[in-house]
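# Understanding the architecture of this molecule
Given next are the chains, with one letter for each unit.
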Amino acid sequence: HKAIMTQGGVNVPMIVAGPPVDPNPNPIANWRTVLDLVPTWYEIAGIDVGPNEDRPLLGSSLFAPLGQQATLDSTRVFVMEHRGQAMVRRGHWKLLHEQAPLDPDAFALYNLQTDPGEMENVRDRYPEIFQSLRAIWDQTARDIGVQTPTPQPGSGPAFTLSERSLTVHEGG
């Protein structure tokens, strides 16, 4: 179901072919988002958009990783909120809130390397990682104005952009 924040809702394969892609590649271990597509197209087309403080280009190009060995970037962070669900992804760690309304105290922590099905909440086992990801969520929520509890459909803006995420609100 693609309207949920669990891996089944956000994890899909992507197949890319053509130059400069190795015809016998190893899978790219880094997770990517649709926000990475525009920077990729710009790079392939040779367009340098440069820095834009008013509307920063979100995501990063897939062009270079297509020809590289599979490695996991443990520093890359992606934050998303949608219909009262929220997630913070860094490396193989995922902070997840999957039930609306959004309650900042109801996040779970998953190690996607050992638990890709998000069955075991390891929040209490890894409190430092939980607190680190929760701090990222708290800052992003303040930056983009996430409302808690989750507003009713039609009561807020349709889209909010920040340097770290695209936030989609129902209605507006």
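So, a few notes on the structure that sits alongside this text.

## Some words on the packing of aromatic side chains
The relation between two aromatic rings is expressed through the spacing of the ring centres and the mutual angle of the planes. Considering all chains together, one arrives at two aromatic pairs under this definition. Centre to centre, the rings of F107 and W137 are 5.6 Å apart; their planes meet at 55°, and the pair counts as tilted. With F107 in the loop between β3 (93–97) and β4 (108–111) and W137 in helix α3 (residues 127–144), this pair connects stretches of sequence that are 30 residues apart. Each member of the pair, F107 as well as W137, is classed as buried.

## Considering the nonpolar core
Membership of the largest hydrophobic core comes to 17 residues, with the highest contact counts inside it found for V88, L95, F107, L109, L133 and W137. Where this core is concerned, the elements lending two or more residues are β2 (85–90), β3 and α3. Sort the elements by how many residues they give to this core and α3 lands first, with seven residues. With eight residues, the next largest nonpolar core counts L35, L58, M87 and Y110 among its residues.

## Let's talk about the environment of G84
As for its placement among the helices and strands, G84 is situated in the loop between β1 (77–82) and β2. Taking the C-alpha atoms as reference points, G84 and P101, separated by 17 residues in sequence, lie 4.9 Å from one another.

## Re the side chain of N111
With respect to the helices, strands and loops of the structure, N111 is situated in strand β4. Among residues more than four places away in sequence, those in contact with N111 are H92, W93, P116 and V122.

## Description of the pattern of salt bridges
Per the stated rule, a full pass over the model turns up four salt bridges. For the salt bridge of E118 with K94, the shortest nitrogen-to-oxygen distance reads 2.8 Å. Of the two residues, E118 is situated in the loop between β4 and α3 and K94 in strand β3; the sequence distance between them amounts to 24 residues. For K94, a relative accessible area of 0% corresponds to the buried category. D105 is the partner of R134 in a salt bridge, and the nearest nitrogen-oxygen pair spans 3.9 Å. Taken as a pair, R134 in helix α3 and D105 in the loop between β3 and β4 lie far apart in primary sequence, 29 residues in all. The buried category is assigned to R134, whose relative accessible area is 13%. Relative accessible area serves as the criterion here: at 57%, D105 is assigned to the exposed category. Taken together, the salt bridges that share partners define one network made up of D105, R134 and D138.

What counts and how
Residues numbered from 1 in each chain as written. Predicted model: local features only at pLDDT ≥ 70, side-chain atom pairs only at ≥ 80, totals over all residues. Heavy atoms only, no water. Phe/Tyr/Trp six-rings, centres within 6.5 Å; stacked < 30°, edge-to-face > 60°. Helix = DSSP H or I, 4+ residues; strand = E, 2+ residues; numbered from the N terminus. Buried < 20%, exposed > 50% of the residue type's maximum accessible area, 1.4 Å probe, protein only. Core = buried A, V, L, I, M, F, W, Y, C linked by side-chain atoms within 4.5 Å. Contact = heavy atoms within 4.5 Å. Salt bridge = Lys/Arg side-chain N within 4 Å of Asp/Glu carboxyl O.

Such coordinate-based values are descriptive only and should not be taken to indicate function.
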